[in-house]
Amino acid sequence: MVQDRLDKMEKLRALKVNPYPEKYTRTHFSTDALTLAEKGIRTVEEIAGENKKNVKMCGRIIGLRAFGKLTFAHILDDNGRIQVCFVKGQMEKKYEEI
């Protein structure tokens, strides 16, 4: 378990990504991000093609589930919890390798 975390941290460092950045500017809490989100089921193409609002959140990942090309994560912050979805092919290549 600990070794897995250390291995992932080394992969991030090899990609020139700081796993523990010194400064991060939060723009939204989880409740703010939820109010920006639309309810309903949409395709990946609809979501990826939209004009995106830049949302930067800080929190702890408390759940992570991978299903092929989809990965779901629950992020917990001071105001609550939000679920996010990562789609392979929609992220920068360097992050898909981790």
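Sequence positions are assigned chain by chain, starting from 1 and proceeding in written order. For this predicted model, a pLDDT threshold of at least 70 governs which residues receive local features, and a threshold of 80 or more governs which side-chain atom pairs are given and counted, while totals over whole chains, interfaces and linings are taken from all residues. Each side-chain value is derived from all of the structure's non-hydrogen atoms; neither hydrogens nor water enter the calculation.

Draft legend 1. Molecular detail of the overall build of the protein. Of regular secondary structure, the protein possesses 4 helices and 3 strands. Comment: elements are numbered from the N terminus, with helices defined as DSSP H or I runs of at least four residues and strands as E runs of at least two. In the protein, the order of α-helices and β-strands from amino to carboxyl end is α-α-α-β-β-β-α. Contacts between residues were defined by any pair of non-hydrogen atoms, one from each residue, lying within 4.5 Å. Look at the contacts in the protein between residues 6 or more apart in sequence, and 40% of them connect residues 24 or more apart. Only the protein chains shown count as cover for residues, with accessible areas throughout obtained via the Shrake-Rupley method and a probe of 1.4 Å. Carbon and sulfur atoms form 53% of the exposed surface of the protein, whose accessible area is close to 8,300 Å².

Draft legend 2. A nonpolar patch on the surface, seen in detail. Where nonpolar side chains cluster on the molecular surface, the patch consists of M1, V2 and L6 and spans about 340 Å² of accessible area. Within the secondary structure layout, L6 lies in helix 1 (residues 2-14). For L6, a relative accessible area of 37% puts it in the partly exposed group. The patch calculation keeps residues exceeding 30% relative accessible area without a salt bridge and links them within 9 Å when they carry like charges or within 5 Å when they are nonpolar (Val, Leu, Ile, Met, Phe, Trp, Tyr). Salt bridges, as used here, are contacts in which a Lys or Arg side-chain nitrogen is within 4 Å of a carboxyl oxygen on Asp or Glu. Under the scheme applied here, a residue whose accessible area is under 20% of the maximum for its type counts as buried, over 50% as exposed, and between as partly exposed, the area being computed with a 1.4 Å probe on protein chains only.

Draft legend 3. Molecular detail of the pattern of salt bridges. Under the defined criterion, the tally for this structure stands at 1 salt bridge. Among the salt bridges present, the one from E10 reaches R13, with a minimum N-O distance of 3.6 Å. Residue E10 and its partner R13 are located together in helix 1, separated by 3 residues, close to a single helical turn. Residue classification places E10 among the partly exposed positions, given a relative accessible area of 45%. Judged by relative accessible area, R13 falls into the partly exposed class, the value being 41%.

Draft legend 4. Focus on helix 1. The span expected for a helix works out to 1.5 Å for each residue beyond the first. Compared with an ideal rise of 1.5 Å per residue, which puts 13 residues at 18 Å, helix 1 spans 19 Å between its outermost C-alpha atoms and is within 8% of the ideal. Two residues or fewer past helix 1, K16 is found with a positive phi of approximately 65°.

Draft legend 5. Spatial organisation of the pairing of strand 1 (residues 60-67). Pairing between strand 1 and strand 2 (residues 70-77): 7 bridges, direction antiparallel. By the bridge assignment for strand 2, R60 is matched with L76. A pair of strands is labelled paired if DSSP reports no fewer than 2 bridges between them. The turn linking strand 1 back onto strand 2 is made up of 2 residues, and G68 within it adopts a positive phi angle of 65°.

Draft legend 6. Representation of the confidence of the model for the protein within the structure. Confidence per residue, as judged by the predictor, is encoded in pLDDT with a range of 0 to 100. On average, residues of the protein score 80 in pLDDT, and 76% of them reach the 70 mark or higher. Considering each helix and strand of the protein separately, the mean pLDDT is smallest for helix 4 (residues 93-96), with a value of 63, and largest for strand 2, with 91.

Draft legend 7. Main features of unusual backbone geometry. Phi is positive for K16, close to 65°, though the residue is something other than glycine. Take K16: it is sitting in the loop between helix 1 and helix 2 (30-36). Note on K16: relative accessible area 75%, which makes it exposed.

Draft legend 8. Focus on the sheet that holds strand 2. With respect to topology, 3 strands assemble into an open sheet ordered 1-2-3, the strand pairing being antiparallel. The open sheet has two edge strands with one neighbour each: strand 1 and strand 3 (80-87). Within the sheet, the average angular offset between the axes of one strand and its neighbour, ignoring direction, is 15°. Helix axes are fitted only over the stretch in contact, all axes being lines through C-alpha atoms; the angle between N-to-C directions runs from 0 to 180 degrees.

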